[in-house]
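Listed below, chain by chain, are the residues.
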Amino acid sequence: MSDANRHARLLGVLKTITAQPLPADDDESLFESGLLDSFALPDLVSALELEFSIKVPDRDLNPRKFDSVSRMETYLEDHGA
Amino acid sequence: MHVPERVVTNEEMAGRIGRTAEWIEGVSGICERRWAAAETSVADLAVAAANDCLVRAGVEASTLGMIIVASGSARPGFPGPAAEVALQLGLENTPALDVPMASAGSLFGMAMAAQMAGHFGDVLVIGAEKMSAVIESGPLDGNTAMLFGDGAGAVLVSARTGRWEILDMVLHTDGQYRDSLAFDWSGPLRMNGLSVILQAARKLPSSIEEVLGRQKVAAADVAVFLLHQANQNLLLRVAKSLGVPGERVYSNVARYGNTSSASMLIAAAEWSRESPAADPVVFSAFGAGFHWGAILAK
């Protein structure tokens, strides 16, 4: 998968979950900006699993891995998505 | 079950933590909680629930083979509250075991009791918490203080025929997140809400599906899910993950808040009084540690 394609699909997932405009800076914390909260995060992880056909194991359920667009991209890339 | 008389409303909490009553209800589904008087101990709450359970079961305390008291909010040190509970129940020679575990303590106690009842006789499992003492041990935290309440629940586990038979159970612990939800009386309760909810939202349904799968029972065929009452949003999320209607997961969190290890047994007591006999039922809890699991009974 190309980086651009993965990025676009990731933003699509995030827009669905947050239903709000996303920050221009991919490194900005989605938790600190209020776009994601503790109850949106499980939905986000499930949506990522569905969109990218991956399984996020419990050991990877660390909020820091999903704190920003860039961190999620890194996670997805590391897991072959 | 037993809950203290004093009702602490969201309006009262809101004024103390600098939030609004609407915000508290929105983030937690909690409208009010019960707080015990300053002089009331965890053991006092436990004894009240124990007596209520024994009366309803028609069992004399003197016939018990063991008691198990789960509590994460009992004062540290030894002995734990189980010895005092035994004393207050008039027991002088009956083994009394403490399970110093918040939130999932009653579930672990029930699982142990299911194994021990055949040897020791009837086991009374009690979950009792005075969470108001925990949150008032220092300045109130605006993100957690409004979540918790006091209370106690109890269940009699016997090798004899009862209302339900425990068919199977799963218990798990993952210590790598032990700092995500912790309290040691030297400072405020520490809770990483993102981590706790993310893990609970996965582990509660997965443990329930694990025990249901082993017994080839479909979630849709379960009469009720009696869960640790942490947060209404979490209860609804578990129902969604299991593919069952939200009302299938019993909830009283609006009235009592999160009573930690007491909550699952308080929920079970209220549901069993309000509802006609139905089965199978699933008990499940998740809490600090993290400890979690599920019990299937019919």
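Below or above, wherever it landed, is the structure these notes cover.

Cut-offs and rules
Residues numbered from 1 in each chain as written. Chains lettered and ligands numbered in written order. Predicted model: local features only at pLDDT ≥ 70, side-chain atom pairs only at ≥ 80, totals over all residues. Heavy atoms only, no water. Pairing = 2+ DSSP bridges. Helix = DSSP H or I, 4+ residues; strand = E, 2+ residues; numbered from the N terminus. Axes fitted to C-alpha atoms, helices over the stretch in contact; angles between N-to-C directions. Contact = heavy atoms within 4.5 Å. Buried < 20%, exposed > 50% of the residue type's maximum accessible area, 1.4 Å probe, protein only. Arc of directions from axis to C-beta. Parallel < 35°, antiparallel > 145°, perpendicular 65-115°, else oblique. Nonpolar A, V, L, I, M, F, W, Y, C, P; charged D, E, K, R; others polar. Core = buried A, V, L, I, M, F, W, Y, C linked by side-chain atoms within 4.5 Å. Salt bridge = Lys/Arg side-chain N within 4 Å of Asp/Glu carboxyl O. Polar contact = N/O pair within 3.5 Å; in protein donor to acceptor, adjacent residues only side chain to side chain. Buried area = accessible area lost by both parts, 1.4 Å probe.

We now examine the sheet that holds strand β3 (residues 66-70) of chain B. Residues and elements named next belong to chain B. Spatially, β4-β3-β5-β6 is the arrangement adopted by the 4 strands of the open sheet, whose pairing is mixed. This sheet does not close on itself; its edge strands, each paired only once, are β4 (96-99) and β6 (150-157). Strand-to-strand twist in this sheet, taken as the mean axis angle between neighbours without regard to direction, amounts to 15°. Where strand β5 (residues 123-130) meets β6, 8 bridges bridge the pair, whose relative direction is antiparallel. Bridging from a neighbouring strand, Val123 pairs with Val157 of β6. Together, β5 and β6 form the strand contacts of helix α3 (residues 42-57), whose direction differs from that of β6 by roughly 40°.

Residues and elements named next belong to chain B. Where helix α1 (residues 10-17) is concerned, the buried positions are Asn10, Met13, Ala14 and Ile17. Each buried residue of α1 sits inside an arc of 105° when the element is viewed along its axis, so together they form one side. Turned more than 90 degrees off the buried face of α1, the exposed positions are Glu11 and Gly15. Looking at the buried residues of α1, the elements they touch are β1 (7-9), α2 (21-28) and β2 (32-34).

Turning our eyes to something else, we now look at the packing of α1(B) against α2(B). All names here are of chain B. At a closest axis distance of 8 Å, the pairing of α1 and α2 adopts a crossing angle of 105°. Relative to α2, α1 is oriented roughly perpendicular. Contacts from Asn10, Glu11, Met13, Ala14 and Ile17 in α1 reach Ala21, Ile24 and Glu25 in α2. Split by residue class, the contact of α1 with α2 holds 5 nonpolar, 1 polar and 2 charged.

Residue and element names in this part refer to chain B. Membership of the largest hydrophobic core comes to 48 residues, with the highest contact counts inside it found for Met13, Ile208, Leu212, Phe225, Leu234 and Val282. For this core, the secondary-structure elements that each account for two or more residues are α1, α6 (131-135), α7 (193-214), β10 (224-227), α8 (232-242), β11 (281-287) and β12 (291-297). Non-local contacts of Ile208, meaning those with residues more than four positions away in its chain, are made with Phe225, Leu227, Val238, Leu242, Val282, Ser284 and Ala294.

A few words now on the pattern of salt bridges. For the structure on display, the rule yields 13 salt bridges over all chains. Linking A:Arg9 and A:Glu51 is a salt bridge whose minimum nitrogen-to-oxygen distance equals 2.8 Å. With A:Arg9 in helix α1 (residues 3-18) and A:Glu51 in helix α2 (residues 40-52), this residue pair connects regions lying 42 residues apart in the sequence. Using a relative accessible area of 24% as the deciding quantity, one classes A:Arg9 as partly exposed. B:Glu270 serves as the salt-bridge partner of B:Arg255, at 2.8 Å between the closest nitrogen and oxygen. Here B:Arg255 is found in helix α9 (residues 253-256), whereas its partner B:Glu270 is found in helix α10 (residues 263-274), with 15 residues between them in sequence.

Strand pairing in a sheet relies on backbone hydrogen bonds, with the paired strands running either antiparallel or parallel. All names here are of chain B. One open sheet accounts for 4 strands, arranged β7-β12-β11-β10; its pairing is mixed. Edge positions in the open sheet fall to β7 (166-173) and β10, since each of these has one partner strand only. Here the average twist between neighbouring strands, direction ignored, is 15°. Alignment of β10 against β11, held across 4 bridges, turns out to be parallel. Bridge pairing links Leu227 to Ser284 in β11. Packing against the sheet, helix α5 (residues 105-120) makes contact with β7, β11 and β12, and its axis sits at approximately 130° to β7.

Where the residue is not glycine, phi is negative for most of them; where a peptide bond is considered, it is trans in most cases. Residue B:Pro79 follows B:Phe78 across a cis peptide bond; omega there is -5°. Within the fold, B:Pro79 resides in the loop between β3 and α4 (81-88). Here the residue pair B:Gly289 and B:Phe290 is connected by a cis peptide bond, since its omega of -10° sits within 30 degrees of zero. Relative to the helices and strands, B:Phe290 resides in the loop between β11 and β12. Here the phi dihedral of A:Ala19 falls at roughly 55°; this positive angle occurs in a residue that is not glycine. The residue A:Ala19 is located in the loop between α1 and α2 in this model. Even without being glycine, B:Trp185 reaches a positive phi, approximately 70°.

All names here are of chain B. With respect to the helices and strands, Arg163 occurs in the loop between β6 and β7. Each C-alpha atom of the pair Arg163 and Ala277 lies 8.1 Å from the other, and the pair is 114 residues apart in sequence. Each residue touching Arg163, except ones within four places of it in the same chain, is listed here: Trp271, Ser272, Ser275, Pro276 and Ala277. Side-chain polar atoms of Arg163 contact the backbone oxygen of Ser272, separated by 3.3 Å.

The parts lose accessible area when they come together, and the size of an interface is often stated as this lost area. Contacts between chain A and chain B engage 17 residues on the former and 17 residues on the latter. Around 1400 Å² of area is buried between chain A and chain B when both sides are counted, 60% of it from carbon and sulfur atoms. Interface area lost by chain A to chain B is led by A:Phe39, A:Asp58 and A:Leu61, which between them contribute 46%. In this assembly, chain A and chain B are joined by 3 salt bridges. Across the pair B:Arg202 and A:Glu49 runs a salt bridge, and its minimum N-O distance is 2.9 Å. At the surface where chain A touches chain B, the tally comes to 6 residue pairs in polar contact (both at pLDDT 80 or more). Residue composition of the side of chain A that touches chain B, grouped by class: 8 nonpolar, 3 polar and 6 charged.

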